[in-house]
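Given next are the chains, with one letter for each unit.
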Amino acid sequence: MTESAWLQKAGNLHKKCVQKKAEGNGNKPLSGADASSLQTIQNGINSSHGISNITYQQAWESLEQMFVWVKAGQKTPPLTKG
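The rules behind these values
- Residues numbered from 1 in each chain as written.
- Predicted model: local features only at pLDDT ≥ 70, side-chain atom pairs only at ≥ 80, totals over all residues.
- Heavy atoms only, no water.
- Helix = DSSP H or I, 4+ residues; strand = E, 2+ residues; numbered from the N terminus.
- Expected span 1.5 Å × (residues − 1).
- Buried < 20%, exposed > 50% of the residue type's maximum accessible area, 1.4 Å probe, protein only.
- Arc of directions from axis to C-beta.
- Contact = heavy atoms within 4.5 Å.
- Phe/Tyr/Trp six-rings, centres within 6.5 Å; stacked < 30°, edge-to-face > 60°.
- Lys NZ or Arg CZ within 6 Å of the ring centre and 35° of its normal.
- Salt bridge = Lys/Arg side-chain N within 4 Å of Asp/Glu carboxyl O.

**Concerning helix α2 (residues 32-44)**
Thought 1: A rise of 1.5 Å per residue sets the reference length of α2, with its 13 residues, at 18 Å; its end C-alpha atoms lie 18 Å apart and thus fit the reference within 8%.
Thought 2: Buried residues of α2: D34, L38, I41, Q42 and G44, and no others. The arc that holds the buried residues of α2, viewed along the axis, is 155°, so those residues lie on one side. In this structure, α2 carries G32 and A33 as exposed residues pointing more than 90 degrees from its buried face.
Thought 3: Where α2 is buried, its residues meet α1 (3-22) and α3 (56-71).
Thought 4: Looking one or two residues beyond α2, the residue adopting positive phi is N46, at roughly 55°.

**Structural notes on the packing of aromatic side chains**
Thought 1: Counted by the stated rule, this structure contains one aromatic pair.
Thought 2: Ring centres of W6 and F67 lie 5.8 Å apart, and the angle between their planes is 80°; on these two criteria the pair is classed as edge-to-face. Here the residue W6 occupies a position in helix α1, and F67 occupies one in helix α3, the gap between them amounting to 61 residues. Here W6 matches F67 in class, with each residue buried.
Thought 3: Between K21 and the ring centre of W60, over which it is positioned, the NZ or CZ distance is 3.4 Å.

**Brief notes about the pattern of salt bridges**
Thought 1: Overall, the coordinates contain two salt bridges when judged by the stated rule.
Thought 2: For K81, the salt bridge goes to E3, with nearest N and O atoms at 3.2 Å. Taken together, the residues span a long stretch of sequence, with K81 in the segment after α3 and E3 in helix α1 at a distance of 78 residues.
Thought 3: You can call E3 buried: its relative accessible area is 14%.
Thought 4: The closest approach of N and O atoms between D34 and K16, which form a salt bridge, is 3.2 Å. Residue D34 is located in helix α2, and its partner K16 is located in helix α1; the two are separated by 18 residues in the primary sequence.
Thought 5: By relative accessible area, D34 is classed as buried at 7%.
Thought 6: Judged by its relative accessible area of 31%, K16 falls in the partly exposed class.

**As for unusual backbone geometry**
Thought 1: A positive phi is found at N46, a non-glycine position, where the angle reads about 55°.
Thought 2: On the secondary structure map, N46 appears in the loop between α2 and α3.
Thought 3: Its relative accessible area of 61% is what places N46 among the exposed residues.

Here it is as structure tokens:
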């Protein structure tokens, strides 16, 4: 996966997490589609949160850390530049 594709996919899920938190639903579990997206994002950088039923708040926190790693170049590889 390219870094730009990863950032786009992670950014979309991050926005959804922020929205859910703003609606007061941060403690709700991720939908199946969002959980699948998070897994794809994590697999793209060989990372895993290890929580089976993750909430939007937890996903947001995890994404915040993953953004730091990717933007610092710590996850390329497995991500490719571009």
